[in-house]
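Residue-level listing of the chains:
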Amino acid sequence: MEILTIGLLLGATYALIAMGLNLQYGVARIMNLANGEMLVAGAFGAFWVFTAQKVSPYVALLFVVPAAFGLNWLIYRTLLRPLVRRAKNRGMLEVDSILATFGMSFVFVGIMLMAFGGDYFSYSYLAEPFVIFGSPYGLNKVVAFVAAAAICGLLYLGLNKTRTGMAIRAVAVDPAAAGLAGIDVPKMSTFAFALGGAVTAGGGIMLSTFLTLDASIGVVFTMKALIIVIMGGVGDVRGAIIASLILGLAETAVASLIDPGLTLAAAYLLFVLVLLFRPQGLFGRRPS
Amino acid sequence: MTRREIRNTILAVIAFAILPWLPFLKDSGYLMSLAIPIAMYTVLATSWALFSGPTHYISLATAAFYGVGAYVVAGGIGVVPYAVLVLLAGVAGAILAALVGLATLRLSGVYFVIFTLGLAEMVRQLVTWVQNNFTGSRGLYVLTDITERIIYWELLVLAALVYLIGWIVNRSRLGFAMRIIGNDELVAAHVGIHSARAKVILFVISGIFAAVVGAVMAPRFTYIEPSLAFSPELSFQVVIMALLGGVHRLWGPLVGVIPFTLLWEVIAASFPTQTVLLLGVAFLLIVYFIPQGVVGLIESLMRRAGIGRGSGDG
Amino acid sequence: MAEKKVLLDVQSLGKQFGGLRAVDGVSFMVREHEVMGLIGPNGSGKTTMMNMISGALKPTDGDIYLEDRLISQRSAREIATAGVARTFQLVRLLPSLSVVENVMAGAVFGHKRLWGRELEKYAVRQLERVGLAQAIHRPVSTLTYIDEKRVELARALASDPVILLLDEWLAGLNVTEMQTGIALVRSLRDDGRTIIVVEHVMDAIRSLCDRCVVMSSGAKIAEGTPEEALSNSEVVRAYLGDANA
């Protein structure tokens with residue numbers, strides 16, 4: 001029972017990270033391998049706010065998230081748009097964006113190493129027990145769950161009930177057709193990419209309240225976000241949420257029942273199963 | 001054979017006749033410390049390009065195979081003869097590559113890249129887990145009589161092998177199939193090519209080489225730890241060097257390996273804390289400004305100047 | 001006179017895309033040495049039909065038999081190896097290979113398997129057959145549109161197919177090129193090739209095809225010689241609307 005709750009709590013936070021990547025890959029068609037680094041950067045922001053400024057890390061949300069939005073906007077306009085223009089087809093764009101964001105991830109890690117050093121960092125915030133069904137859980141994890149649920153809900157509503165959301169979904173399905181329908185595709189792609197980065201950084205802040213991180217751990221989160229996005233079906237919000245919960249549960253189960261050092265192996269196992277049996281994910285379209 | 005191929009073969013034969021004598025020169029210690037990494041990266045980058053060049057599937061898993069090879073040696077040294085361990089490392093590399101390939105190569109390149117991104121990290125975690133729970137200690141000692149010279153010669157043999165196999169593949173049906181797949185996978189299917197199978201075979205070849213290199217280099221470590229054997233920087237550097245040189249010619253990666261290795265020695269010494277950052281910047285520069293690699297750039301400039309050859313690889 | 005052997009037998013073939021029934025219960029046969037025209041207005045399902053025959057798409061229901069072998073749920077690769085070759089609506093050449101290498105590609109892996117000197121000579125013969133003998137070693141990017149189509153045709157011929165699918169091969173050609181193109185396809189027919197032709201150009205249909213199948217909105221609405229098919233009132237209605245039937 002405990003495993004179930006912890007798994008769901010963890011899964012919800014993973015959902016935030018995956019949501020960010022979903023927007024970036026599903027809409028802007030950028031396979032952003034630096035996604036995990038954006039998360040760690042957000043976490044560093046919260047850490048700094050808490051330890052240096054002695055203020056609740058949730059305050060970091062107020063300025064880290066907009067900063068992440070701006071930073072990702074810039075990254076897309078300056079670094080990624082040239083690739084979009086240069087690519088002759090979708091396959092080439094994917095390869096180019098993978099290489100470029102891979103390089104970026106190293107640049108980010110390098111910057112963070114220089115700025116914060118290579119040590120692990122963590123802080124204790126809101127770690128008081130919060131009782132659910134008779135067992136205590138960290139309040140910080142519960143808050144993260146609520147925040148993740150709220151943000152996912154907002155995103156889902158935003159994508160499905162607003163005009164901008166519909167434009168974004170149209171670009172995700174078919175950028176060429178969306179352009180013909182009068183949608184400003186480059187602007188929507190930039191917006192989606194920036195929004196994705198902001199959501200990811202927000203997820204990082206949430207995670208930092210109860211996880212220990214270091215400058216180079218980004219790649220593990222990138223992997224998990226990628227696995228979730230593929231498991232759920234690229235571009236699909238419900239799919240990403242369900243897949244995140246599955247991953248959170250699977251990891252917690254493996255960590256509690258087998259060994260905490262095998263969480264990535266557990267994620268990979270899920271990934272292999274998806275690739276072998278349903279590569280388009282839970283809600284994705286069959287790949288052509 | 002074309003005139004260009006004959007020239008290249010003669011150059012290669014001369015090179016392989018001269019290079020083994022390097023350890024007998026004066027100051028050979030310093031030369032070895034450069035020659036061994038250069039030889040190692042040449043094998044790794046060339047075998048990487050054998051697969052990732054024609055298919056455009058970017059493998060980030062070199063460290064996974066390298067580490068597996070190193071651990072096969074570290075685990076069996078003293079118990080099993082070294083030569084057998086090297087062979088076993090190759091087999092292990094082949095099995096790992098086959099598993100990864102069969103799972104991912106039927107699908108588009110994105111799945112493959114993602115899978116390889118975390119593969120080294122996952123294998124590292126698995127090895128750490130095994131070591132923590134079953135063998136007690138974190139690292140393994142590799143104590144052998146194998147000198148740097150022997151390692152150098154082994155690497156030269158591997159380099160000769162990788163060029164030989166690359167040359168054979170390029171002239172074979174498999175090489176032709178790979179060129180077609182790299183151009184248009186739909187057409188490849190419509191002319192009867194089994195794309196997944198061809199990709200897996202090539203990936204296995206490159207995996208074997210990476211694992212054997214790991215096995216050959218293991219004695220140089222003396223003490224192997226998971227984070228040493230499965231270093232993500234290795235995967236990254238191999239990709240950079242191959243892309244820098246150019247992956248469309250068999251000798252392209254070599255053109256990237258030599259300057260990069262030499263430059264890296266200088267940079268790692270002068271800016272030890274910024275190596276990661278600089279790797280990233282170097283990578284971005286290559287991706288944005290010389291995507292075809294130095295060799296590709298030179299060849300396209302020559303084409304524009306009218307000094308030309310027809311299309312097709314050499 | 002003995003009836004010619006049936007090479008392709010399409011039985012109640014259907015293809016569903018979500019809510020759209022692109023092809024619905026279509027059946028026809030193609031016999032040896034005949035040229036069959038697959039015609040119909042835009043959106044009638046002709047290209048979907050071609051894609052199912054060549055294996056680029058899998059049918060949702062129905063069967064396709066090639067010389068008595070069931071091919072309908074097989075992969076494009078298996079179908080190509082069994083002897084189905086095609087050209088594409090938008091020409092798909094291999095950009096980094098030379099002209100002759102593009103043609104060689106068709107004769108190495110599938111229905112026809114050659115290698116080495118023999119392969120190159122054979123490919124050159126195919127290029128001569130389609131009238132491109134002088135362009136053999138040129139890079140593909142220098143070709144004119146009709147020459148690109150010739151290369152693709154040569155590649156399809158190189159596999160010595162049991163049945164050749166030409167998907168709007170004459171599309172986009174000017175008047176002179178069209179005449180050359182029709183003459184070329186006619187010469188293939190004279191060689192005894194079995195061909196399915198999807199076309200919009202009625203002249204071509206009339207002069208090339210022995211028989212036609214007419215599709216509209218996914219279903220077959222007529223079958224017969226070109227004269228029979230094109231004078232069928234339903235066919236006229238499908239193309240031109242009710243007022244003209």
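Residues numbered from 1 in each chain as written. Chains lettered and ligands numbered in written order. Predicted model: local features only at pLDDT ≥ 70, side-chain atom pairs only at ≥ 80, totals over all residues.

## Details of the overall build of chain C
- A count of helical and extended segments in chain C gives 9 helices and 10 strands.
- The C-alpha atoms of chain C give 18 Å as radius of gyration, which agrees with the globular expectation for 245 residues (18 Å, within 12%).
- Dimensions of chain C along its principal axes, counting C-alpha atoms only, are 55 × 45 × 40 Å.
- The buried share of chain C, taken over its 245 residues, is 44%.
- Restricting the contact set of chain C to residue pairs at least 6 apart, pairs at least 24 apart contribute 63%. (Helix = DSSP H or I, 4+ residues; strand = E, 2+ residues; numbered from the N terminus. Rg over C-alpha atoms; globule rule 2.2 N^0.38 Å. Buried ≥ 20, exposed ≤ 12 C-beta atoms within 10 Å, placed from the backbone. Contact = placed C-beta atoms within 7 Å.)

## Describing the overall build of chain A
- A count of helical and extended segments in chain A gives 11 helices and 2 strands.
- When the helices and strands of chain A are placed in sequence order, the string is α-α-α-α-β-β-α-α-α-α-α-α-α.
- For 288 residues, the compact-globule estimate of 2.2 N^0.38 gives 19 Å, and the C-alpha radius of gyration of chain A, at 18 Å, lies within 12% of that figure.
- Judged by the C-alpha coordinates and their principal axes, chain A covers about 55 × 40 × 35 Å.
- Taken over 288 residues, chain A has a buried fraction of 53%.

## Comments concerning the interface of chain B and chain A
- Contacts between the two partners involve 31 residues from chain B and, on the opposite side, 34 residues from chain A.
- Secondary-structure elements contributing two or more residues to the side of chain B that touches chain A are α4 (82-104), α5 (109-135) and α13 (275-289) of chain B.
- In terms of residue count, the dominant contributor to the side of chain B that touches chain A is α5(B) (14 residues).
- Each residue belonging to the side of chain B that touches chain A can be placed in one class, and the counts come to 19 nonpolar, 11 polar and 1 charged. (Nonpolar A, V, L, I, M, F, W, Y, C, P; charged D, E, K, R; others polar.)

## Considering the interface of chain C and chain B
- In this complex, chain C contributes 24 residues to the contact, which on the side of chain B involves 18 residues.
- Counting residues per element, the side of chain C that touches chain B draws most heavily on helix α2 (residues 76-82) of chain C, at 4 residues.
- The residue makeup of the side of chain C that touches chain B, split by class, is 10 nonpolar, 10 polar and 4 charged.

## Brief notes about the packing of helix α2 (residues 35-53) of chain A against helix α3 (residues 57-86) of chain A
All names here are of chain A.
- Where α2 meets α3, the closest approach of the two axes is 9 Å, and the angle between their N-to-C directions is 140 degrees. Considering their axes alone, α2 and α3 lie oblique with respect to each other. For α2 against α3, the interelement crossing comes out right-handed. Across the interface between the two elements, Met38, Gly42, Gly45, Ala46, Val49 and Phe50 of α2 pack against Pro57, Val59, Ala60, Val64 and Ala68 of α3. (Axes fitted to C-alpha atoms, helices over the stretch in contact; angles between N-to-C directions. Parallel < 35°, antiparallel > 145°, perpendicular 65-115°, else oblique. Left-handed = near helix turned anticlockwise from the far one by under 90°.)

## Points about the sheet that holds strand β4 (residues 61-66) of chain C
Residues and elements named next belong to chain C.
- Pairing within the open sheet is antiparallel, and its 4 strands lie in the order β2-β1-β4-β5. What marks the edges here is a single partner per strand, and that holds for β2 (20-31) and β5 (69-70).
- The sheet contact formed by strand β1 (residues 6-17) and β2 spans 8 bridges and is antiparallel. By the bridge assignment, Gln16 is partnered in β2 with Arg21.
- In this fold helix α1 (residues 46-54) packs onto β1, β2 and β4, with an angle of close to 60 degrees to the strand it touches most, β2. (Pairing = 2+ DSSP bridges.)

## Some points on unusual backbone geometry
Residue and element names in this part refer to chain C.
- One non-glycine residue, Asp160, lies in the positive phi region at around 50 degrees.
- When you line up the elements, Asp160 lands in the loop between α5 (145-158) and β7 (163-167).
- Among the residues examined, Asp160 registers 17 C-beta atoms within 10 Å and is labelled partly exposed.
- Positive phi is not limited to glycine here, since Ser217 has a value of about 50 degrees.

## Some remarks on the domain arrangement of chain C
All names here are of chain C.
- Domain annotation for chain C reports domain 1 (1-83 + 162-245) and domain 2 (93-160).
- For domain 1 and domain 2, the distance between their C-alpha centroids amounts to 25 Å.
- Across the boundary between the two partners, domain 1 contributes 11 residues, which contact 9 residues of domain 2.
- In terms of residue class, the side of domain 1 that touches domain 2 is made up of 6 nonpolar, 4 polar and 1 charged. (Domains from an automatic or database assignment.)

## Some remarks on the arrangement of the chains
- Of all 2 pairs of chains in contact, the one with the most contacts involves chains A and B.
- In this structure chain A stays clear of chain C, and the shortest span between their C-alpha atoms is 9 Å.

## Remarks on the sheet that holds strand β6 (residues 84-86) of chain C
All names here are of chain C.
- In spatial order, the strands read β6-β7-β8-β3-β9-β10; together these 6 strands make up an open sheet with mixed pairing. Unpaired on one side and paired on the other, β6 and β10 (219-224) mark the two borders of the sheet. When the angles between neighbouring strand axes are averaged without regard to direction, this sheet yields 20 degrees.
- Note: β7 against strand β8 (residues 195-198), 4 bridges, orientation parallel. If you follow Asp167 over to β8, its bridge partner there is Val198.
- Strand contacts of helix α9 (residues 233-240): β9 (211-216) and β10, with the helix running at about 130 degrees to β10, the strand carrying the most contacts.

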